[in-house]
Amino acid sequence: MYVAVKGGETAILNSYALLADARRGDTDVPELSVAQIRQQMRLAVARVMSEGSLYDEDLAALAIKQAAGDQVEAIFLLRAYRTTLPRFGYTLPVDTARMGIRRRISATFKELPGGQVLGPTYDYTQRLLDFTLLANGVATEPPAQAEALPADMPRVTDLLAGEGLIEPETPPDGDPAPVDLSREPLKFPADRATRLQNLARADEGFLLALGYSTQRGYSHTHPFAGEIRMGEVALEIVPEELGFAIEIGDITLTECQMVNQFAGSSTAPPQFTRGYGLAFGEAERKAMAMSLVDRSLRSQELAEAIKSPAQQAEFVLSHSDSVEASGFVQHLKLPHYVDFQSELELVRRMRATHGQPTPEEETA
Amino acid sequence: MNPLLQVSGLTKRYGARIGCADVGFSLWPGEVLAVVGESGSGKSTLLNLLSTRLAADAGTIEYALLGRGLTDMAKLSEAERRWLLRTDWGFVEQNPRDGLRMNVSAGANVGERLMATGARHYGQIRSTAQDWMARVELDPARIDELPAQFSGGMQQRLQIARNLVTKPRLVLMDEPTAGLDVSVQARLLDLLRELVTSFGLAAVIVTHDLAVARLLAHRLLVMKGGRVVETGLTDQVLDDPQHPYTQLLVSSILQV
Amino acid sequence: MTTSGYNFAYLDEQTKRMLRRALLKAVAIPGYQVPFGSREMPLPYGWGTGGIQVTAAILGTNDVLKVIDQGSDDTVNAVNIRRFFARTAGVATTNRTPEATVIQTRHRIPETPLAAGQIMVYQVPEPEPLHRLEPREAVTRKLHALADYGFMHVKLYEDIARYGHIATTYDYPVLVNDRYLMAPSPIPKFDNPKLNHSPALQLFGAGREKRVYAVPPYTKVESLDFEDHPFSVQQWDAPCALCGASDSFLDEVVLDDVGGRMFVCSDSEYCSNRQAAGHAGSAVKEAA
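Note that the coordinates shown come from a computational prediction; the quantities given were computed from them, not determined experimentally. (Residues numbered from 1 in each chain as written. Chains lettered and ligands numbered in written order. Predicted model: local features only at pLDDT ≥ 70, side-chain atom pairs only at ≥ 80, totals over all residues. Heavy atoms only, no water.)

1. Digging into the overall build of chain C
The helix and strand tally for chain C stands at eight helices and twelve strands. Relative to a compact globule of 288 residues, whose C-alpha radius of gyration would be 19 Å, chain C shows 20 Å and is just as compact. Counting only C-alpha atoms and orienting by the principal axes, one finds that chain C spans roughly 55 × 55 × 35 Å. Put simply, chain C has 288 residues, and 62% of those count as buried. The long-range fraction of contacts in chain C, counting pairs at least 24 apart against all pairs at least 6 apart in sequence, stands at 63%. For chain C, the accessible surface area stands at approximately 10,800 Å², while carbon and sulfur atoms represent 52% of it. (Helix = DSSP H or I, 4+ residues; strand = E, 2+ residues; numbered from the N terminus. Rg over C-alpha atoms; globule rule 2.2 N^0.38 Å. Buried < 20%, exposed > 50% of the residue type's maximum accessible area, 1.4 Å probe, protein only. Contact = heavy atoms within 4.5 Å. Areas by Shrake-Rupley, 256 points an atom, 1.4 Å probe, with all protein chains shown as cover.)

2. Some details on the interface of chain C and chain A
Contacts between chain C and chain A engage 57 residues on the former and 46 residues on the latter. Of the roughly 4,700 Å² buried between chain C and chain A, counting both surfaces, carbon and sulfur atoms make up 61%. The largest per-residue losses of area from chain C upon contact with chain A belong to C:Glu40, C:Trp47 and C:Arg83, which jointly make up 14% of the total buried on that side. Taken together, chain C and chain A are joined by five salt bridges. With its nearest N and O atoms 3.6 Å apart, the salt bridge here joins C:Arg83 to A:Glu9. Counting across the interface, chain C meets chain A through 22 residue pairs in polar contact (both at pLDDT 80 or more). Of all the elements in the fold, those that place two or more residues in the side of chain C that touches chain A are helix 3 (76–88), helix 4 (137–145), strand 11 (250–254) and strand 12 (261–265) of chain C. Element by element, the count of residues in the side of chain C that touches chain A is highest for helix 3 of chain C, at five residues. (Buried area = accessible area lost by both parts, 1.4 Å probe. Salt bridge = Lys/Arg side-chain N within 4 Å of Asp/Glu carboxyl O. Polar contact = N/O pair within 3.5 Å; in protein donor to acceptor, adjacent residues only side chain to side chain.)

3. Brief notes about the pairing of strand 2 (residues 223–237) of chain A
All names here are of chain A. Two strands pair when backbone bridges link them, and strand 1 (residues 100–105) and strand 2 are joined in this way by five bridges, in the antiparallel orientation. In the sheet register, Ile105 faces strand 2, and the bridge partner there is Ile228. Bridge count between strand 2 and strand 3 (residues 246–260): 14 bridges; the pairing is antiparallel. Bridged to Glu227 within strand 3 is Gln257. (Pairing = 2+ DSSP bridges.)

4. Some words on the environment of A:Val238
Residues and elements named next belong to chain A. Secondary-structure assignment places Val238 in the loop between strand 2 and strand 3. For Val238, a relative accessible area of 37% puts it in the partly exposed group. Separated by 56 residues in the primary sequence, Val238 and Asp294 place their C-alpha atoms 30 Å from one another. Excluding anything up to four places from it in sequence, Val238 contacts Leu92, Gly243, Phe244 and Ala245.

If you want it as structure tokens, here you go:
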């Protein structure tokens, strides 16, 4: 005898308990603290902050802990929290030329004012599993005392701009305030400020694949890593009652300025063009991939033929968000009994009449 | 009688390059005008301007709307313009794949304009589509086949049927016979000539092939470097070309 | 009962006002998709975030909420959303259609006829009816603006040419108020006639796609068809095995692995009411 699905609420509550238990794992192993995640998994924290679009290392670490390390789930947790936060105001635009630099490299010039600074990077590690980490508690050697970096580290793109070799970066007419994508829906055509906002929140894997595709002939943009810099910048706000800017703290940023070849058009002389990437924390892969995709999305404005996925703004921007994508892909596990029943009925009916003449053919 | 289409001063630049400059002509109901010239002469730009796919930098295109007389196309609302394009005008692409919906049947292709203009009787849409397939010498029994199952020449005829089903008064054609075998071309040209005569169609045909122009067109417009260098009755221009460029064109075809 | 730290019905009042403005516009232009600043909700996109935001925006303390998924009040997703509003708004909830002032639904319209004053809130995964034919939003917006819907009929024509009938069984496209083509959300086409001239206000929310739209009470909603192939709804060979209803949408229940199956009402509340009133289907009679 058939009994309708009942007891959904109990089942849900049970799933909570099972989840908490699975997250904790073996209780003989000490519980991971949020401070440990923040300190020792800082790259995971950075990604969750970028794509969660909220700069809060503690909350990002908490989200990672709660999500048992699932980055997309942690990003979702942080976003869902973020939407409930009131807006107190907007900071002034950050100035990355005034960054307290910890890493700065350029692939376009061997020597440049301020020099190349490797900083903390996996680039030249030899990717050998370090079994001393397995044995826990090995003290690392303190880094050699580095010379103080020069205060003046001009951006490579500014050096090129001095000669007029790269397109100037000028705000659009009237310098309109950018759309706030977390408050207003994405509309097409989307201007560059809107696109960059979308890409900054975009899934790193998606951007990586798209950026990669542009290097493999799907809209080649001839990119050079003009400069990548990482470090701390000050955030400033201008409280209305004060009328002048005050610093409210520092955040870590990674910025990538890609320099791309451009042959010129009927209206513009040959010059280099720009692709831009910016992410919270240490996130070089994300910033680089973003700058590649930013540049390909400028195809229309630069009158280039639009043929490849990475050039199609609607395609890229509509599918870049991991929270949207993850939700919709996974909604397929929700019940679809009714729609499936309708299709089942149709397929059975079509199978029953398969091979028989249609009514039109009969009367013809 | 008034002209059906009146074009004057039509100009389009691509940056410093001229697409077409100061083109003007009148087209009368039932008249076939061929635009000839080499590739790069501006004939395709002209056709794209006429079809309003491309916006002109200067000049006007006026069309004799039913019940309204000569009307500046630029003054039509987008809705009016689109309605006109799918009822009273037709556009035949060089490559039938660009003018057909390749993922739906021949019947749906021919019936689309009818449905877009409000036809809601499946059986009638279908019989009209079959009727038109017969008129363009396609087997009406193949109405449910996809365009890909037809040969190139048949696809081109299907595209023509798809355009003519609303009985337009003006059809623009872009090299309609290019890319077809010579024997297939001849049959298509015959069909076009017959359709143009029996429906009193006015047409602007862009072609690099003077033989096509001679067979179909009443008048010729010879273009070079974006400008009209010579115009006149087809036989006159081809038998007694005045402009050196036209002379060259005519002699080169004769030598072949 | 309510969870502290969050506003009534979760969303802050500013966001609710933004939503209500969008909804008012939607009601003023029946069937037109109004973009709105959809928020991340504590439920995943695709799981009813649009419907939840609409419900949150219109819910008042005196409302009585019913939530169904696949016609049933008891499926996990329905339970979860009802729990969400019970926790964040503390409103009364019900399974009984006539008692509800707001009914949030996924994939069904209740069998019990709706009444004036009630509001239906539909969860919508894909608000654009033209999307499967044309993925570019810049294009579909223009097609709506010009009411250029001929291509939709091409699709229906093709169905008939190929299968002898229109092969769309759910999310069957409708024309609202003789103007806008609208996706009714993935309700079975069986429910489409209930949209037409409904005394209830019908609101549609698509969270991921950031659109709301509406059908005001007593508005014409027409399912697309051809004169000689008129729109028709699904029919079953036998009535509901539990309550004997012959006028409801039936779900197939697989009983064993040798082809045993029976058909029962997808609207669980309608079915149990009928059983309580003494109606019985074949399965109940056999068991008795």
